[in-house]
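# A look at the structure
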Amino acid sequence: MTKSITTPLAAILAGLALAAAAQGSAQAQALQVSQAGDAQLSCEQLQAEVARMDQMMGASNTAISGAEGQSRMAQSGAALGLNAAMRSGALARMPGLGMFANAAVSAARASAEAKVAREGEQIAIAQQRRAIMNGVYQGKACGTQATVTTVSTRTVPAAAPSSLSLKGDVGLKATASPSAAVVRAMTAGTAVYPTGQRNGVWIEVDDEQGNRGWISSAMAVQR
């Protein structure tokens, strides 16, 4: 009898543990849209900050997916536990077991929703800061490059590399804008292929799944 009760109870406890995991660790220091000294950053520092915002947005998207997955796992674990309790008769012997399972599911859902909300706010702030950094970068004419000409005064454009590798997690954007929709979330090491189109620090690339979009040139290196 003890074993028949313990097995479903363990499954429900596992669901409750997943709810606690969904809560996650304490939130890091809040990101600020603007900071003292932003206007004094060098072109290289501005590029690095833009890249850092891309990484933060990628990490937040990953955290959102993880929180939602843990919530689903907690619900599945609680449902399996209740089914096992019903089949074994433990549910009748422990009337509070169903309420306990429901509490576990509710806690998991609430934790996931809170996590998604926090990370969504982080993404919004990172997008705004990225736009500011990009504006300062353009204002300093950091993207201006000297034109290389031949004797015939014909402009010789730099050849785009055949393939690049991402230095960190990056969102492939629909347009060359920090507020553009994300076509695909890509992880570090993903191969992308430049089309030759540029817009300031942005470059247009294709991925190996046939998607086309824009990324910051600071987030990619030649393979």
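Further up the page is the structure itself.
Below is a summary of the structure that appears in this document.

Reading the values: rules and limits
- Residues numbered from 1 in each chain as written.
- Predicted model: local features only at pLDDT ≥ 70, side-chain atom pairs only at ≥ 80, totals over all residues.
- Heavy atoms only, no water.
- Helix = DSSP H or I, 4+ residues; strand = E, 2+ residues; numbered from the N terminus.
- Buried < 20%, exposed > 50% of the residue type's maximum accessible area, 1.4 Å probe, protein only.
- Contact = heavy atoms within 4.5 Å.
- Areas by Shrake-Rupley, 256 points an atom, 1.4 Å probe, with all protein chains shown as cover.
- Salt bridge = Lys/Arg side-chain N within 4 Å of Asp/Glu carboxyl O.
- Polar contact = N/O pair within 3.5 Å; in protein donor to acceptor, adjacent residues only side chain to side chain.
- Core = buried A, V, L, I, M, F, W, Y, C linked by side-chain atoms within 4.5 Å.

Next up on the list: the overall build of the protein chain. What the protein chain contains, in helices and strands, is four helices and seven strands. When the helices and strands of the protein chain are read in sequence order from the N terminus, they spell out α-α-α-α-β-β-β-β-β-β-β. When the 223 residues of the protein chain are sorted by exposure, 35% land in the buried category. Taking as baseline every contact in the protein chain between residues at least 6 positions apart, the subset at least 24 positions apart corresponds to 68%. Working note: accessible area of the protein chain is about 12200 Å², and carbon and sulfur atoms make up 56% of it.

If the charged atoms of two oppositely charged side chains come close together, the side chains can form a pair. Taken as a whole and assessed by the stated rule, the structure comprises seven salt bridges. Close ionic contact of Glu49 with Arg52 constitutes a salt bridge, the shortest N to O distance being 2.9 Å. With Glu49 and Arg52 both in helix α2 (residues 43-88), this residue pair falls three residues apart, about one helical turn. Residue Arg130 is joined to Asp54 by a salt bridge in which the shortest nitrogen-to-oxygen separation is 2.8 Å. Of this pair, Arg130 sits in helix α4 (residues 97-139) while Asp54 is found in helix α2, placing the two residues 76 residues apart along the sequence. Of the two residues, Arg130 and Asp54, both sit in the buried class. What emerges from the salt-bridge pattern is a single network uniting Asp38, Glu49, Arg52 and Arg129.

By the element assignment, Asp38 lies in the loop between α1 (2-23) and α2. Given the relative accessible area of 8%, Asp38 is considered buried. In terms of polar contacts, Asp38 uses its side chain to reach the backbone amide nitrogen of Gln35, at 2.8 Å.

Our focus in this paragraph is the nonpolar core. Leu166, Met186, Val192, Val205 and Ile215 are the most contacted members of the largest nonpolar core, which has 13 residues in total. Elements with a minimum of two residues in this core: β1 (164-166), β2 (170-173) and β5 (202-207). Val205 has contacts with Leu172, Val192, Tyr193, Pro194, Thr195, Asn211, Arg212, Gly213 and Ile215, leaving out every residue within four places of it along the chain. Grouped together as the second largest cluster of nonpolar side chains are nine residues, Leu41, Val50, Cys142 and Trp202 included.

Along the chain, the position of Val182 falls in strand β3 (residues 182-186). Its relative accessible area of 41% is what places Val182 among the partly exposed residues. For the pair Val182 and Val170, spaced twelve residues apart in the sequence, the C-alpha separation amounts to 9.4 Å.

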